[in-house]
Amino acid sequence: MAVVPGNRERASAIFQDMSAIVQFENVGLRYGLDSETLSDVSFTLAGGGFYFLTGASGAGKTSLLKLLYLAQRPSRGVIRLFGEDVVTLPRKRLPGFRRRIGVVFQDFRLVPHLSAYDNIALPLRVAGMEEGEIDAPVTEMLNWVGLGDRGQARPATLSGGEQQRVAIARAVIGRPEILVADEPTGNVDADMARRLMTLFEALNRLGTTIVVATHDLPLIAQVSGAQMMRLDKGRLADPTGSLRYPPRQQGSE
Amino acid sequence: MASRADRRAAAAARHRLLPGGRVAGPMLWIIAIMMFLTVLAAAAGLGLGAAVQSMSADLAGRASVQVVEANPQQRDQLAARALTALRGADGVQAAAAVDPALLADQIRPWLGEEATSGDLPLPALIDVTLTPGDADAKVARLRRLLGGLSPSLRIEPHAAFLLPLAGLLSALGWLAAGVVLLMTLATGAVVVLAARGAHDSHRGTIEVLHLMGSTDVQIARLFQRRIGLDAMLGSALGFAFAAFVILLIGLRLSATGSELLGAVRLPPISWVVLALLPVAGVLLATLAARWTVLRALGRAL
Ligand SMILES: Nc1ncnc2c1ncn2[C@@H]1O[C@H](COP(=O)(O)OP(=O)(O)O)[C@@H](O)[C@H]1O
Ligand SMILES: [Mg+2]
């Protein structure tokens, strides 16, 4: 195939980088009849990378993450996860992909009638893990996020920060290959925010690809080797310039 | 292989996924009422069907020949000739004169003592039992035969007397079957509405489960279990009440001592059919819930 000058980037996307875990190509998203919320979004994320997504409120961060965690289909463009085109994927194959992605929702989405413990256990149960094998990891996770003694509490009786930590524990307990977090430090104090980032870094070292939407710039500075994408009115800027040819490992540039 | 305790814990965890209490609101009670009415209607249909059947079996193969002749001597002669002719005729299994005393006994309640005094000319009666099959044609043939003997001989198939009644009863039976069918549709519709409501009110939980990789079938199973359980309770209640009422009505019917009403009783096999109704109800509810929730889930990504 002839590589037309000026089309090098496209060509490189076609010869897929094997380490690419997420690929967006000219993705557009339009809600209803409004103008596009996301336009011409193209990027590639390497497996094992740590990425921040920033941008003003309303820039489209949540919308982009929704495409990533398969809560929404794009209006146009191609999205590949784990090397497979997920835009044309039949519905019944989506659950398999979703189980490989952990999500911390901006609004937590804890199940209100379930205890913190049961909320955290949810992904394991969905995956069909035997009941006897659930207790150890859930208890460990509760302790990890500092809620060891609040396991039986309902979400409504937890503070915003505590709910957020339950949401994070739930997102990571299934050892997802990709962790997507939408403003995960929005409701916690600076100290807890730092601890959560340390937690994310630990997961990242275990091989999980991390994508965090935030507009907390000091937080971004805290994670060395992380890369940054910036959304501006639904268009992607690439301030670190490394998204299209991401390094195989973080910090190797 | 999961241990029993493990399976129980898993079931409890699944149970917790939807909040406690009835997911489908008052569906349980509606199903109880529907099941009550369905079982009653089915019992009525089965009872009437059985009555019509036994009545027809009794009557179809029989006919009466009347000798309408005022002169007693001529009447007896004619009756004897008719009896001989009938016994020799094709399609007649048996023919016997009805004892005039018996006839008088039967008529006495209607006409009083004069009936037996001999002043009142009573027709002589011959009971004819036809060979099985095609009673109408045989009766017509016998009518021609007897007509050739004397215009005073009349043959009347028994079925003719009760034909309108049998027709009415079987129409009622079909009506009952129609009611059962409508009840089934209505029950299905109630479950569809209840399942849709349950789905809508748990949309948030469903979305979270979906995004964690739950399959539609996993989610539908949660609802279908709960709704199936409600349906089971409702059906059992409705069936128990209906059975109670049917037994009561049965007692009252046999207390009337009427042969006609007494024929309207449930053969034991009907109870088996009735007992299958709640089972079918639970199955229907479970399937309707599953179908509804799967359809609703299919609309989301
Ligand atoms: N479900 C939706 N339907 C219609 N418009 C939406 C929906 N979700 C988001 N939007 C719009 O898309 C734009 C981007 O929103 P969002 O992705 O939430 O941005 P951010 O997360 O960066 O604040 C906003 O203008 C918002 O109103
Ligand atoms: Mg947002």
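Above this text you will find the structure in question.
**As for helix H6 (residues 160-172) of chain A**
Item 1. Compared with the 18 Å implied by 1.5 Å per residue over 13 residues, the 19 Å span of H6 of chain A between its first and last C-alpha is a close match.
Item 2. The buried fraction of H6 of chain A is high, at 12 of 13 residues.
Item 3. Along H6 of chain A, the positions that sit buried rather than exposed are Gly161, Glu162, Gln163, Gln164, Arg165, Val166, Ala167, Ile168, Ala169, Arg170, Ala171 and Val172 of chain A.
Item 4. In the core, the buried residues of H6 of chain A are packed alongside strand E6 (101-104), helix H4 (116-126), helix H5 (135-144), strand E7 (178-182) and helix H7 (190-205) of chain A together with helix H8 (203-211) of chain B.

**Some points on the packing of H6 of chain A against H7 of chain A**
Residues and elements named next belong to chain A.
Item 1. Between H6 and H7, the least distance of the axes is 12 Å, while the angle of their chain directions is 0°. Between H6 and H7, the angle is such that the two are roughly parallel. Every residue of H7 that contacts H6 at Arg165, Ile168 and Val172 is listed here: Met192, Leu196, Phe200 and Leu203.
Item 2. Of the residues in the contact of H6 with H7, the class split is six nonpolar, no polar and one charged.

**So, the site of ligand 1**
All names here are of chain A.
Item 1. Every residue close to ligand 1 is listed here: Tyr31, Thr37, Ala56, Ser57, Gly58, Ala59, Gly60, Lys61, Thr62 and Ser63.
Item 2. In the model, an oxygen atom of ligand 1 is placed 2.7 Å from a nitrogen or oxygen of the Gly58 main chain.
Item 3. Lys61 places a main-chain nitrogen or oxygen 2.8 Å from an oxygen atom of ligand 1.
Item 4. Protein chains bury 59% of the 560 Å² of accessible surface belonging to ligand 1 in isolation.
Item 5. Class assignment for the residues of the shell around ligand 1 results in three nonpolar, six polar and one charged.

The rules we used
- Residues numbered from 1 in each chain as written.
- Chains lettered and ligands numbered in written order.
- Predicted model: local features only at pLDDT ≥ 70, side-chain atom pairs only at ≥ 80, totals over all residues.
- Heavy atoms only, no water.
- Helix = DSSP H or I, 4+ residues; strand = E, 2+ residues; numbered from the N terminus.
- Expected span 1.5 Å × (residues − 1).
- Buried < 20%, exposed > 50% of the residue type's maximum accessible area, 1.4 Å probe, protein only.
- Contact = heavy atoms within 4.5 Å.
- Axes fitted to C-alpha atoms, helices over the stretch in contact; angles between N-to-C directions.
- Parallel < 35°, antiparallel > 145°, perpendicular 65-115°, else oblique.
- Nonpolar A, V, L, I, M, F, W, Y, C, P; charged D, E, K, R; others polar.
- Near = heavy atom within 4 Å.
- Polar contact = N/O pair within 3.5 Å; in protein donor to acceptor, adjacent residues only side chain to side chain.
- Areas by Shrake-Rupley, 256 points an atom, 1.4 Å probe, with all protein chains shown as cover.

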